[in-house]
Structures are given as C-alpha cells and as structure tokens.
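Architecture and fold: a report
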Amino acid sequence: MTIVRYDLHLHTEFSPDCDTGLDAIEPHALRRGLTGLAVTDHNTIEGALRLRDRVKTLEVIIAEEVSTLDGDVVGLFLKERIPPKMSAVDTMAAIHAQGGIVYLPHPFDKKKARRSRGSSLSAIIGAVDVVETFNGKVGRDRYNVLATEFAARHHKIAGGGSDAHNLRAIGTVINAFEAPADLHDPSAFLQALASAQITGTRRNPLTGWLVRGRRPLALAWRRIRRGQK
C-alpha cells in the first residue's frame, strides 16, 4: 500500500499576495514529507503549469482559486484558466466542464465571507465535490469546526490545505491517503481522498499581511538574481 501526502491549497509568486518562488517549492515540500500538492493561485494557472514542468518527483495538480461573485471557489485538475467574476454556480459548472474537481475553500471564515448576491452555501453545495474542513490560515479554529460539521451534514468529501502564502507554510496541512491507481485521474483521486487523514496546524493569519508587505522587495531581488545568471 502506497500512502501519498498532499497539500491541496497553496499559493506562489503568481498570486498577488504571495512571494514564494517556484524553484524553492519542491525541495521544501519534499522535506515536509509531501508527495504532491495543488497550486491554487488567485485567478491564474500559470504558476501551476510552470511548477509542473520544473519538478522532478513532486506531483503537481493544476488548480486555481477563482474569485467569483459569491466568494472563492477552487478548481482542481484544470486544463484551462477559469475567468473570475462569474457566479459561483457558473464557475463550478466551468470546472466540471473541464473534468475538474470543485473544492470549496474556507467556507466559514468571516474575513473571507461568501458574498450573497442571491447565492449561499445551501444553494451551491450540490455542485461541490470537496469541502475544505481544515484551512491552515483561517482566523479561528471554530471556522474549521463549522466546515467539518457542514461537510458531514451534506455528505461531502473533506479536504485540507495550508492556504500557504509563504514557503514555510507549505505542508503545514497534509491529506494522507492510499494512492489510487492513477493519481492524475480526477475521479480516482476524489475517491481516494474520501478516506484521507487530515492533519495540520492553523497559523496566525496576520503573517499574510507581512508577506504582502515584503512581496515587492522579494520579487525585485529574485529578478536581479535571475539577471545575474
């Protein structure tokens, strides 16, 4: 039996609020014991595609955290970018049209509260494949408890993600489960994830503001170093 370990929600320098360079991710993830991860940058899959082409052993899921009119929705196993500013229902339909998995991130974090616009969790839950029951960046533990109860009540598969916006946070939440026959098949992955053991730690969300403040300097320094090579 082969056990795989995934972080299903994290960001890279291709998100406007993150400064994590792609080259540092694989060695860090492997040190954390990860065998795979989903790159869920805001409204783009460019970072995920570039990382997938660079890694040697780490499995990379092409994903995106899409800003919808009703809050954030993550698509896993995407082939193309999903445009932002659609309704949550239309966004989820677009994810499924690509054969992807709809992953609902931090559904009860008040700082990321889902805007109503005629939509609510009850209205969209039918199209959700995975509910994020452990987010490493939510403001309170209770938000993860509410998400866990919500997923159980609606018989949804649970998932966890660090929601990392810096390198050190990647792998602070891990989904460990028996590897399916094909890790690249969304249906097989989803079925295997249903038996995952989710472990991790919740971090201080204030660190996100520190990352945002240092990001311009970090990116400028990275460009300088690339130019010197």
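Each value, and the rule that gives it
- Residues numbered from 1 in each chain as written.
- Predicted model: local features only at pLDDT ≥ 70, side-chain atom pairs only at ≥ 80, totals over all residues.
- Heavy atoms only, no water.
- Phe/Tyr/Trp six-rings, centres within 6.5 Å; stacked < 30°, edge-to-face > 60°.
- Helix = DSSP H or I, 4+ residues; strand = E, 2+ residues; numbered from the N terminus.
- Buried < 20%, exposed > 50% of the residue type's maximum accessible area, 1.4 Å probe, protein only.
- Polar contact = N/O pair within 3.5 Å; in protein donor to acceptor, adjacent residues only side chain to side chain.
- Contact = heavy atoms within 4.5 Å.
- Pairing = 2+ DSSP bridges.
- Axes fitted to C-alpha atoms, helices over the stretch in contact; angles between N-to-C directions.
- Core = buried A, V, L, I, M, F, W, Y, C linked by side-chain atoms within 4.5 Å.
- Salt bridge = Lys/Arg side-chain N within 4 Å of Asp/Glu carboxyl O.

Two numbers describe a pair of aromatic rings. These are the distance of the centres and the angle of the planes. A complete count under the given rule lists five aromatic pairs for this structure. Judged by centre distance (5.6 Å) and plane angle (75°), the rings of Phe 108 and Phe 150 are edge-to-face. Taken together, the residues Phe 108 in the loop between strand 5 (101-104) and helix 4 (121-124) and Phe 150 in helix 5 (residues 141-153) connect sequence positions 42 residues apart. Residue Phe 108 is classed as partly exposed on the basis of its relative accessible area of 23%. Under the relative-accessibility criterion, Phe 150 is labelled buried at 4%. Measuring from ring centre to ring centre gives 5.4 Å for Phe 177 and Phe 189, while their planes differ by 85°; the resulting arrangement is edge-to-face. Here Phe 189 lies in helix 6 (residues 186-193) and Phe 177 lies in strand 8 (residues 173-178), a separation of twelve residues in the sequence. Look at Phe 177 and you get buried, because its relative accessible area is 2%. Accessibility expressed as a relative area gives 0% for Phe 189, which makes it buried. Through pairs of rings, three or more aromatic residues link up here, namely Tyr 6, Phe 77, Phe 177 and Phe 189.

What follows concerns the side chain of His 9. One can find His 9 in strand 1 (residues 3-10). With a relative accessible area of 0%, His 9 lands in the buried category. Side-chain polar atoms of His 9 contact the side chain of Glu 65, separated by 3.2 Å. Ignoring any residue separated from it by four or fewer positions in sequence, one finds His 9 in contact with Ala 38, Thr 40, Glu 65, Tyr 103, Pro 105, His 106, Glu 132, Asn 135, Gly 161, Ser 162, Asp 163 and Ala 164.

Moving on, we come to the sheet that holds strand 1. The strand order 7-6-5-4-3-2-1-8-9 describes an open sheet built from nine strands, whose pairing is mixed. Since the sheet does not close on itself, it has two edges, and those belong to strand 7 (157-161) and strand 9 (197-200), each with one partner. Each strand of the sheet is rotated relative to its neighbour by a mean of 30°, with strand direction disregarded. Sheet analysis places strand 1 next to strand 2 (residues 36-39), joined by three bridges and oriented parallel. Considered in strand 2, the bridge of Leu 10 is made with Val 39. Packing of helix 6 onto the sheet brings it into contact with strand 1, strand 3 (59-68), strand 5, strand 6 (130-135), strand 7 and strand 8, and relative to strand 8 it is tilted by some 100°.

Moving on: the nonpolar core. Judged by nonpolar contacts, the single largest core of 34 residues is most densely connected at Leu 37, Val 39, Leu 51, Val 60, Met 92, Val 128 and Ile 170. Listing elements by their share of this core, those giving two or more residues are helix 1 (25-31), strand 2, helix 2 (46-54), strand 3, helix 3 (88-97), strand 5, helix 4 and helix 5. Each residue touching Ile 170, except ones within four places of it in the same chain, is listed here: Asp 7, Leu 10, Thr 20, Ile 25, His 28, Arg 32, Leu 34, Leu 37, Ser 162 and Ala 164. Tyr 6, Ile 101, Phe 177 and Leu 190 belong to the second largest nonpolar core, which has 19 residues in total.

For the rest of this paragraph, the subject is the pattern of salt bridges. Taken as a whole and assessed by the stated rule, the structure comprises four salt bridges. Among the salt bridges present, the one from Arg 54 reaches Asp 23, with a minimum N-O distance of 2.6 Å. Remark: Asp 23 occurs in the loop between strand 1 and helix 1 and Arg 54 occurs in helix 2; sequence separation between them is 31 residues. Residue Asp 23 is classed as exposed on the basis of its relative accessible area, which comes to 55%. Two residues, Glu 46 and Arg 50, come together in a salt bridge whose shortest N-O distance is 2.6 Å. Of the two residues, Glu 46 and Arg 50 are both situated in helix 2; the distance of four residues between them amounts to about one turn of the helix. A relative accessible area of 39% places Arg 50 in the partly exposed class.

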